[in-house]
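Descriptive analysis of the structure
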Amino acid sequence: FEDVVYYIQNGDLFRDGYLAHLDYHTVSGFDATQLEKNSTGADYTDESVRRHLNAIGFKDKVAKATVRLLERGRRNVLLFTRFVAEAEQIQEQVPDSMLVTADTPKGMREAVLSDFKAGRLRAVVNVGVLVHGFDFPELETVVLAAPTMSLARYYQMCGRGLRRHSNKESCWIVDMVGLVAQFGRIEDLTLHCEGREQ
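Not measured: the values here are computed from a predicted model.

**Digging into the packing of aromatic side chains**
Evaluation of the coordinates by the stated rule reveals five aromatic pairs. Ring centres 5.4 Å apart and planes at 65° place the aromatic pair Phe-116 and Phe-136 in the edge-to-face group. Of the two residues, Phe-116 sits in helix H5 (residues 106-118) while Phe-136 sits in the loop between strand S4 (123-126) and strand S5 (141-145), which places them 20 residues apart along the sequence. A relative accessible area of 5% means that Phe-136 is categorised as buried. Taken together, the ring pairs in this structure connect Phe-116, Phe-134 and Phe-136 into an aromatic cluster. Of note, Arg-50 hangs over the ring of Phe-83, and the distance from its end group to the ring centre comes to 4.1 Å.

**Topic: the pairing of S4**
The side chains of a regular strand alternate between both faces of the sheet. The side-chain alternation of S4 yields two buried faces, one formed by Ala-123 and Val-125 and the other by Val-124 and Asn-126. Both strand S2 (residues 77-81) and S4 contribute to a ladder of four bridges, which runs parallel. Bridge assignment links Val-77 to a residue of S4, and that residue is Ala-123. As paired strands, strand S3 (residues 97-100) and S4 are joined by four bridges and run parallel to one another. Across the sheet, the residue bridging to Met-98 is Val-124, located in S4.

Quick notes on the rules
Residues numbered from 1 in each chain as written. Predicted model: local features only at pLDDT ≥ 70, side-chain atom pairs only at ≥ 80, totals over all residues. Heavy atoms only, no water. Phe/Tyr/Trp six-rings, centres within 6.5 Å; stacked < 30°, edge-to-face > 60°. Helix = DSSP H or I, 4+ residues; strand = E, 2+ residues; numbered from the N terminus. Buried < 20%, exposed > 50% of the residue type's maximum accessible area, 1.4 Å probe, protein only. Lys NZ or Arg CZ within 6 Å of the ring centre and 35° of its normal. Pairing = 2+ DSSP bridges.

Structure (structure tokens):
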């Protein structure tokens, strides 16, 4: 494929009511300048991310933030984390939550997500498996706790909450790793071709 036949900008979709309203909430304490790029320059090294997250007590901050969200009445929370060990420790501190990873058996993963959608679980901590292909229009809270240099990954994580539903007024994007400052709001992202907005 070489030619773009049709496109529409995100801002138009939000303005015309096709996508859910997003409310952004930033949690301070994370400092991306402490991270190192990998050999390709495409993302951060796992070692530098682990070192910084450990230094700031990140897993406990994420767990406490999630508990506060649930206490404030958020009906469901989907957390994106980077490491399995970290995710396990977060999940242990959050009531009515479960963990899914690439190693979670398919049947168990389906059961967890079914319980989440039905409201029997209030939070799911995941490591890299629900970035795309997870459809839950009622999702009203996304916690960004996975540092990345990938705009596509950021967009996909936020995208889990973009579907509209009569039971939600908006989706909260709770950014704990500075991604909104790094990439901008989803509503403001625009398609450009050869350096010009099209």
